[in-house]
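These are the residues of each chain, in order.
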Amino acid sequence: QVQLVESGGGLVQAGGSLRLSCAASGTISSIGSMYWYRQAPGKQRELVAAITNDGTTTYADSVKGRSTVSRDNAKNTVYLQMNSLKPEDTAVYYCNAIVRANPRSIWRSFWGQGTQVTVSS
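What you are looking at is a predicted structure, and each value in this text was computed from that prediction instead of being measured. (Residues numbered from 1 in each chain as written. Predicted model: local features only at pLDDT ≥ 70, side-chain atom pairs only at ≥ 80, totals over all residues. Heavy atoms only, no water.)

### Digging into the pattern of salt bridges
Here is the rule we go by: Salt bridges are defined as contacts in which a side-chain nitrogen from Lys or Arg sits within 4 Å of a carboxyl oxygen from Asp or Glu. A 1.4 Å probe rolled over the protein chains alone gives each residue an accessible area, and that area as a share of the maximum for its type sets the label: buried under 20%, exposed over 50%, partly exposed in between. Helix numbers and strand numbers start at the N terminus; a helix is a DSSP run of H or I with at least 4 residues, a strand a run of E with at least 2.
Inspection of the entire model under this criterion finds 4 salt bridges. As a salt-bridge pair, Arg38 and Glu46 come within 2.6 Å of each other at their nearest N and O atoms. Under the relative-accessibility criterion, Glu46 is labelled partly exposed at 35%. Between Asp89 and Arg38 there is a salt bridge, and its shortest N-O distance comes to 2.9 Å. Pair noted here: Asp89 is in the loop between β8 (77–82) and β9 (91–100) and Arg38 is in strand β4 (residues 30–39), with a separation of 51 residues, a long-range link.

Set out below in structure tokens:
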């Protein structure tokens, strides 16, 4: 089994910064793409950023230019650096990773438990 554990959320004032981390552990042969999603109260979960295993990144328009996704493959960890935070960034942020337990197994999707980010105005 694979576990994803997010950290780094919290309360920050508008204009501030946060760095989220998500560490994968368990039976892991390789990790494919890793993603950050967020879900605000009353809204659907939305994709914030993605990074492939070779480092190609994509961002939602709402965070483009303010956020940077990165990964440390040696640590099985993905990061999301968020700057110039706005109240509308307030949400629970979830990590998602596509993982293979061994070279012959199928790729499976795993989710973290989420970390709360609250941006005050």
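### Structural notes on the side chain of Thr77
Heads up, the condition is: Contact definition: two residues touch when any of their heavy atoms are within 4.5 Å.
Tracing the backbone shows Thr77 in strand β8. In contact with Thr77, other than residues within four places in its own chain, are Cys22, Ala23, Ser70, Arg71 and Asp72.

### Focus on unusual backbone geometry
Backbone geometry at Asn76 places phi at a positive 50 degrees, although glycine is not the residue there. Checked against the element boundaries, Asn76 lands in the loop between β7 (67–72) and β8. Positive phi outside glycine occurs at Ser84, with the angle close to 45 degrees. Position of Ser84 among the secondary structure elements: in the loop between β8 and β9. On the accessibility criterion, Ser84 (42% relative accessible area) is partly exposed.

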